[in-house]
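# Chain and residue survey
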Amino acid sequence: MATVVGFISEKGGVGKTTACYHIAVALSRFEGKRVLVIDADYQRGGISGRFFPKLIEGFGTGTPTGTTLFNKFQQLYSASPQTPDIDIHPCGGGIDLIPADPRLSTVSVDKLPSTNNIRENNMSLLAHMKTISFVLSGLRQSYDYILIDSHPEVSDVMRSIIYVADHCVSPVKLDRQSSIGVATVIGEISNVNNDISMIRRSLDVEDGYRDTRFSGAMGMMAREYGEVLKQTEQLEYNRLRRSGEIFRNYVTEGDGLRIAAANRQAVFDVPGANAAKQAAQFKALTKEFIQVCP
């Protein structure tokens, strides 16, 4: 049974997609795990582009083909029976992908059919949050990990990701402007957990939901001096530790990851000392990830 982990953040440019992609590759390549990646970043489709560059040529300018997550939400909006079928793209090396769809930007509970019956409206709200969970219900047995890369904003798609996730992690730069969003992420996880509890009580239903856990911030693009964090970043790391969970391992900035992104490859395959350092950091982070998100 797969462990589902949502990579969520309120702020873009903090290394969220980079973390999700490299942990997926490391889980498969170095830990022997079978991994499904879901790209729910409807603005960039960054992970989809890493695995399949042609998938995001003209991203956002045309209608994607096949069955995507957007189609599953659209079934609810059109009052059609919701079906779990979805297109999955094998990436090789033990990784599969559900690619991004820019139409996910239009997903909103405001599009649900409305009635004068409060119970029916609550059932629709619950079904909306359960959409990704419904899609994965028949897939969890086929993988060890399912990683979901989200768009960096609080949205109804993010709430559906939080619902299905066993754990959520929040990659972050170790500066105040970036890390302040971690509190927002923790608050939204709490909101979803509380909303589900309230809806279940009002409907008198038990659907097996277990509260999603915030399992930690991840330091990305960190800066060091003399192989230790710079003082300002160490202070921010300590502040995050006091306010919640944070991974012990972090990843430094450098040309290794920039070259990897430009070549659409993993940093594990990039030559050079800086790339080797970042590769070792991601391997250590992945081992900790397995411990924190078993």
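Now for a description of the structure that goes with this document. (Residues numbered from 1 in each chain as written. Predicted model: local features only at pLDDT ≥ 70, side-chain atom pairs only at ≥ 80, totals over all residues. Heavy atoms only, no water.)

### Digging into the pairing of strand β1 (residues 3-7)
Short version of the rule: For every residue, the accessible area obtained with a 1.4 Å probe (protein chains only) is divided by the maximum for its type, and the residue is called buried under 20%, exposed over 50%, and partly exposed between those limits. Numbering of helices and strands runs from the N terminus; a helix is a DSSP stretch of H or I covering at least four residues, while a strand is a stretch of E covering at least two. When DSSP finds two or more bridges between a pair of strands, those strands are recorded as paired.
Taking burial as the measure, the five residues of β1 include five buried ones, the bulk of the element. Inspection of the sheet shows β1 paired to strand β5 (residues 145-150) by five bridges, in the parallel sense. Paired with valine 5 across the two strands is leucine 147, which belongs to β5. As paired elements, β1 and strand β6 (residues 167-173) share three bridges and run parallel to each other. Residue valine 5 lies in a different strand from β6, and its bridge partner there is histidine 167.

### Quick word on the sheet that holds strand β3 (residues 89-92)
How we decide: Angular values range over 0 to 180 degrees, each being the angle between N-to-C directions of two axes fitted as lines to C-alpha atoms, with helices fitted over their stretch in contact. The contact definition used throughout considers only heavy atoms, calling two residues in contact when any of these lie within 4.5 Å.
Sheet architecture is open: seven strands sit in the order β3-β4-β2-β5-β1-β6-β7, paired in mixed fashion. Each edge of the open sheet is held by one strand with a lone partner, namely β3 and β7 (213-220). For this sheet the average axis-to-axis angle between neighbouring strands, irrespective of direction, equals 25°. Bridge count between strand β2 (residues 35-40) and strand β4 (residues 95-98): four bridges; the pairing is parallel. When the sheet's bridge partners are listed, isoleucine 38 is paired in β4 with isoleucine 98. This element, helix α8 (residues 181-203), spans β6 and β7 of the sheet and lies at about 160° to β7.

### Some remarks on the layout of surface pockets
As a reminder, the rule being used: A cavity, in this analysis, means grid points on a 1 Å lattice covering only the protein atoms where a 1.4 Å probe fits yet has no way out; a pocket is instead an open set bounded by protein on both sides within 12 Å along at least five of seven lines, and a residue lines either one if it has an atom within 4 Å of a point. Grid points are joined across faces, edges and corners, and a volume is the space filled by probe spheres set on the points. By the convention adopted, Pro, Cys, Tyr, Trp, Phe, Met, Ile, Leu, Val and Ala count as nonpolar, Lys, Arg, Asp and Glu as charged, and the other residues, Gly among them, as polar.
When its volume is computed, the largest pocket comes out at roughly 540 Å³. Surrounding the largest pocket, 22 residues form its lining, Gly13, Gly15, Thr17, Thr18 and Arg44 being those nearest its centre. At the level of elements, α1 (16-31), α2 (46-51) and α10 (255-262) are the ones that each hand at least two residues to the lining of the largest pocket. A per-class count over the lining of the largest pocket returns five nonpolar, ten polar and seven charged.

### As for the packing of helix α4 (residues 118-129) against α8
Put simply, the rule is: Here roughly perpendicular refers to angles of 65 to 115 degrees, roughly parallel to angles under 35, roughly antiparallel to angles over 145, and oblique to all remaining angles. For any helix crossing, the convention is left-handed if the near helix is rotated counterclockwise from the far helix by under a right angle, and right-handed if that rotation is clockwise.
At their nearest, the axes of α4 and α8 sit 10 Å apart, and the two run at 140° to each other. Here α8 runs oblique to α4, going by the angle between their axes. Crossing hand, α4 versus α8: left-handed. Touching Arg119, Asn122, Met123, Leu125, Leu126 and Met129 of α4 are Val192, Ile196, Ile199, Ser202 and Leu203, all from α8. Residues belonging to the contact of α4 with α8 are distributed by class as follows: eight nonpolar, two polar and one charged.

### Some thoughts on the pattern of salt bridges
Quick reminder of the rule: One side-chain nitrogen of Lys or Arg within 4 Å of one carboxyl oxygen of Asp or Glu is enough to make a salt bridge.
Counting across every chain of the model gives 17 salt bridges. Where aspartate 166 meets arginine 140, a salt bridge forms, and the shortest distance between an N and an O atom there is 2.9 Å. Pair noted here: aspartate 166 is in the loop between α6 (156-164) and β6 and arginine 140 is in the loop between α5 (131-136) and β5, with a separation of 26 residues, a long-range link. Classification of arginine 140 by relative accessible area gives buried; the value is 17%.

### Some details on empty space enclosed by the protein
Overall, the coordinates contain one cavity of 30 Å³ or more when judged by the stated rule. Looking at the largest cavity, its volume works out to about 50 Å³. Looking at the largest cavity, the residues that line it are Ser9, Glu10, Lys11, Val14, Ser170, Pro171, Val172, Ser178, Gly181, Val182 and Val185. When contributions to the lining of the largest cavity are tallied by element, the ones reaching two or more residues are β6 and α8. Looking at the lining of the largest cavity, its residues break down into five nonpolar, four polar and two charged.

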